[in-house]
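Breakdown of the fold
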Amino acid sequence: MGTVEVNIGVGDPQGRQFEELEVTVDTGSTYTAVPRAMLQRLGVPVERSLPSKTADGRIVPVDIGFTTIRLEGLRFPTPVIFAEEDEPSLLGVVSLEEAALAVDPLEGRLIPTHLLRR
């Protein structure tokens, strides 16, 4: 299976204003990562900072906030990481689970979890 990329709408905390963003679906990431500059433009506040383990094994602090995203016709609140300029935009597992979506490994796309082949 290759990389799965999708477009999401990232909203302000009230869900009134959205900006489009292409993200890579990353089932190894807990949270969705959105560029810090976009979240700041939308007025998403940093709620807390947590230690996070990077792909290369380092532990670094990350800022976390909560906002609304649109994905596959759904709209829901989700935690997001404030990604720095050199970091990728990712759709993490928490957001996938909140939307009841999963990656279909045979098709390389998102599908409702109840349609997964078991």
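We now turn to the structure provided with this report. These numbers were taken from a predicted model, which means no experiment stands behind them.

A separate point is the overall build of the protein. Looking only at helices and strands, one finds two helices and nine strands in the protein. Going from the N terminus to the C terminus, the protein shows its helices and strands as β-β-β-α-β-β-β-β-α-β-β. Its C-alpha radius of gyration of 14 Å places the protein within 12% of the 13 Å reference for a compact globule of 118 residues. For the protein, the spread of C-alpha atoms along the principal axes amounts to about 40 × 35 × 20 Å. Sorting the 118 residues of the protein into buried and exposed places 42% on the buried side. At a minimum sequence separation of 6, the contacts of the protein that also span at least 24 residues come to 48%. When the accessible area of the protein is evaluated, it comes to approximately 6900 Å², of which 49% is carbon and sulfur surface. Taking the 11 positively charged and 18 negatively charged side chains of the protein as two groups, their mean positions are separated by 5 Å.

Scanning the model with the defined rule gives zero aromatic pairs in all. Of note, arginine 70 hangs over the ring of phenylalanine 18, and the distance from its end group to the ring centre comes to 4.0 Å.

All right, on to the nonpolar core then. Nonpolar side chains in soluble globular proteins tend to be buried together. Counting 23 residues, the largest nonpolar core has Val6, Val10, Val25, Leu71, Leu91 and Leu110 as the members making the most contacts within it. Among the secondary structure elements, those contributing two or more residues to this core are β1 (5-11), β2 (18-25), α1 (36-41), β5 (59-71), β6 (74-83) and β8 (101-104). Leave out the neighbours within four places in its chain, and valine 10 touches Gln17, Phe18, Glu19, Leu21, Val34, Met38, Leu39, Leu42, Thr67, Thr68 and Ile69. Core analysis: the next-biggest nonpolar cluster, separate from the first, contains six residues, Ile64, Ile81, Ala83 and Leu90 among them.

Taken as a whole, this structure holds five salt bridges when the rule is applied. In this structure, the salt-bridge partner of glutamate 20 is arginine 70, at a minimum N-O distance of 3.0 Å. You can see glutamate 20 sitting in strand β2 and its partner arginine 70 sitting in strand β5, a full 50 residues away along the chain. Classification of glutamate 20 by relative accessible area gives exposed; the value is 53%. Put simply, aspartate 56 and arginine 58 hold a salt bridge, and the shortest N to O gap is 3.0 Å. Each of Arg36, Asp63 and Glu84 takes part in one network of salt bridges that share partners.

Among the structural elements, threonine 32 can be located in strand β3 (residues 32-35). A relative accessible area of 0% means that threonine 32 is categorised as buried. With sequence-adjacent residues up to four places away left out, threonine 32 is seen in contact with Ile8, Pro79, Val80, Ile81, Leu90, Leu91, Gly92 and Ser95.

What counts, and at which threshold
- Residues numbered from 1 in each chain as written.
- Predicted model: local features only at pLDDT ≥ 70, side-chain atom pairs only at ≥ 80, totals over all residues.
- Heavy atoms only, no water.
- Helix = DSSP H or I, 4+ residues; strand = E, 2+ residues; numbered from the N terminus.
- Rg over C-alpha atoms; globule rule 2.2 N^0.38 Å.
- Buried < 20%, exposed > 50% of the residue type's maximum accessible area, 1.4 Å probe, protein only.
- Contact = heavy atoms within 4.5 Å.
- Areas by Shrake-Rupley, 256 points an atom, 1.4 Å probe, with all protein chains shown as cover.
- Lys, Arg positive; Asp, Glu negative; His and termini not counted.
- Charge placed at Lys NZ, Arg CZ, Asp CG, Glu CD.
- Phe/Tyr/Trp six-rings, centres within 6.5 Å; stacked < 30°, edge-to-face > 60°.
- Lys NZ or Arg CZ within 6 Å of the ring centre and 35° of its normal.
- Core = buried A, V, L, I, M, F, W, Y, C linked by side-chain atoms within 4.5 Å.
- Salt bridge = Lys/Arg side-chain N within 4 Å of Asp/Glu carboxyl O.

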